[in-house]
Amino acid sequence: MKKPPFWTTEELTDCAAVARTAFRNERLNEPLERWKKAFDEYHTQFHRLFDEYDIANPSSLSPEQVAEIFQQELGGALRYLAGPPISADDLKVLAETSLAPGRLASDADQAQRLLDTIMVAIDPRRFPWVSQGRAPTADEKSAAILASTALITAQRVSTDRRNEGKNLQENAVKDFLVNQGFEEVPVRSIRTLTDAPEFGQFCSEAMVGSRKADVPVRLFDGRLMPIECKVSNSSTNSVKRINNDAAVKAGIWHREFGTNQVVPTAVLTGVFKVHNLEQAQDGGLTLFWAHDLDELGKFIEGTRKNNK
């Protein structure tokens, strides 16, 4: 049975350096237009909150106006009045309400609870006049809109960048597998090897045992290789992506399927600490790099040969 590669410290160091350089080049070449477009969009949204809904005095909002704000897709900006901003999921829990415009429009109590929750957490630095019971000056209003716009833009661009990077990586892995002779098949829940795709097949994100895998692959020798696509933008973040996520899943999959039946794998892009990579590898996680998928291909080809 073909063993997956186990990289030396020197090999991991070299590959991590290449990935870091590629990440740096990508970020430095990232078009400013992405930021400007998002900034202009949210700047307009905050102006609308001030000009159309008098958000300078948020306590004056009626439940009907709160529902209308979410109907007009301004709810994200409204959540950013808080300091720190309240996520959509947190707001639903804290206010014990839905954020669906229809539900808010038909239930004034829910809309009022939502507004009351935001009012409790409103940022006193960006909106000092609220607690002082007065109207804002023109400069205060302008500064609040600018600061709020920058805050939400930074968060949204960062989130979009992460999601985009992960999607690009997953698509690259799938395209590579197809070029290696694999067939993509419909998604299914994989509780045992019997549920998995057939030899030489893979599917998109699915439950593998008790955890999700980005790309579950059935190798040519019959083993299951759940691939996790991990993009990290900092060495600190690499702990979360590798050690606290992919490596933990590797241990669970080994327990649930058996060490001879599953090859937990991560394909990496971005910035990673070599020490974290070594820890994950020692814990049973097989590592490949998005910039060198040929190494993944060599391992896959080895499983084909061993199945002849």
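Residues numbered from 1 in each chain as written. Predicted model: local features only at pLDDT ≥ 70, side-chain atom pairs only at ≥ 80, totals over all residues. Heavy atoms only, no water.

Caption draft 1: Highlighting helix 10 (residues 235-257). Taking 1.5 Å of rise per residue, the 23 residues of helix 10 would be expected to cover 33 Å, and the 31 Å separating its terminal C-alpha atoms lies within 8% of that figure. For helix 10, the principal kink sits at Ala247 and spans about 25°. Looking one or two residues beyond helix 10, the residue adopting positive phi is Gly258, at roughly 100°. (Helix = DSSP H or I, 4+ residues; strand = E, 2+ residues; numbered from the N terminus. Expected span 1.5 Å × (residues − 1). Bend = angle between axes of the 7 residues up to and from the residue.)

Caption draft 2: Just the side chain of Asp214, in detail. Turning to its location among the elements, Asp214 is positioned in the loop between strand 4 (211-213) and strand 5 (215-218). Discounting chain neighbours no more than four positions away, the residues touching Asp214 are Lys166, Glu170, Cys203, Ser204, Glu205, Ile227, Glu228 and Cys229. (Contact = heavy atoms within 4.5 Å.)

Caption draft 3: The packing of helix 2 (residues 32-53) against helix 9 (residues 138-179), seen in detail. Here helix 2 crosses helix 9 at 135°, and the two axes come no closer than 8 Å. With respect to each other, helix 2 and helix 9 are oriented oblique. Seen along the crossing, helix 2 lies across helix 9 with a hand that is right-handed. Across the contact of helix 2 with helix 9, the residue classes break down as 13 nonpolar, five polar and seven charged. (Axes fitted to C-alpha atoms, helices over the stretch in contact; angles between N-to-C directions. Parallel < 35°, antiparallel > 145°, perpendicular 65-115°, else oblique. Left-handed = near helix turned anticlockwise from the far one by under 90°. Nonpolar A, V, L, I, M, F, W, Y, C, P; charged D, E, K, R; others polar.)

Caption draft 4: Broad picture of the packing of aromatic side chains. A full pass over the atoms with the stated rule returns five aromatic pairs. Between the aromatic rings of Phe182 and Phe220, the centroid separation amounts to 4.7 Å while the plane-to-plane angle is 45°, which identifies the pairing as tilted. Of this pair, Phe182 sits in the loop between helix 9 and strand 1 (183-184) while Phe220 is found in the loop between strand 5 and strand 6 (224-232), placing the two residues 38 residues apart along the sequence. The cationic tip of Arg304 hangs over the ring face of Phe220; the distance from NZ or CZ to the ring centre is 4.0 Å. (Phe/Tyr/Trp six-rings, centres within 6.5 Å; stacked < 30°, edge-to-face > 60°. Lys NZ or Arg CZ within 6 Å of the ring centre and 35° of its normal.)

Caption draft 5: Main features of the sheet that holds strand 6. Pairing is mixed in the open sheet, where six strands are placed in the order 1-2-5-6-7-8. Edge strands, defined here as strands with exactly one partner in the open sheet, are strand 1 and strand 8 (286-289). Examined bridge by bridge, strand 7 (residues 265-270) and strand 8 share four bridges and lie parallel to one another. Bridge pairing in strand 8 links Thr265 to Thr286. (Pairing = 2+ DSSP bridges.)

Caption draft 6: Representation of unusual backbone geometry in the model. Following Gly83, the chain continues to Pro84 via a peptide bond in cis, the omega torsion being -5°. Within the secondary structure, Pro84 is located in the loop between helix 4 (75-79) and helix 5 (88-95). Positioned with a positive phi, Glu73 is a non-glycine residue whose angle comes to about 60°. Looking at where Glu73 falls in the secondary structure, it is placed in the loop between helix 3 (63-71) and helix 4.

Caption draft 7: Seen up close, the pattern of salt bridges. For the structure on display, the rule yields 16 salt bridges. With a shortest N-O distance of 3.1 Å, Asp51 and Lys141 are connected by a salt bridge. Of this pair, Asp51 sits in helix 2 while Lys141 sits in helix 9, and the two are 90 residues apart along the sequence. A salt bridge links Asp214 to Lys166; the nearest nitrogen and oxygen atoms lie 2.8 Å apart. In this pair, Asp214 is assigned in the loop between strand 4 and strand 5 and Lys166 in helix 9, connecting sequence segments 48 residues apart. For Asp214, a relative accessible area of 3% corresponds to the buried category. Residues joined by salt bridges that share partners form a network here, namely Glu228, Lys230, Asp245 and Lys249. (Salt bridge = Lys/Arg side-chain N within 4 Å of Asp/Glu carboxyl O. Buried < 20%, exposed > 50% of the residue type's maximum accessible area, 1.4 Å probe, protein only.)

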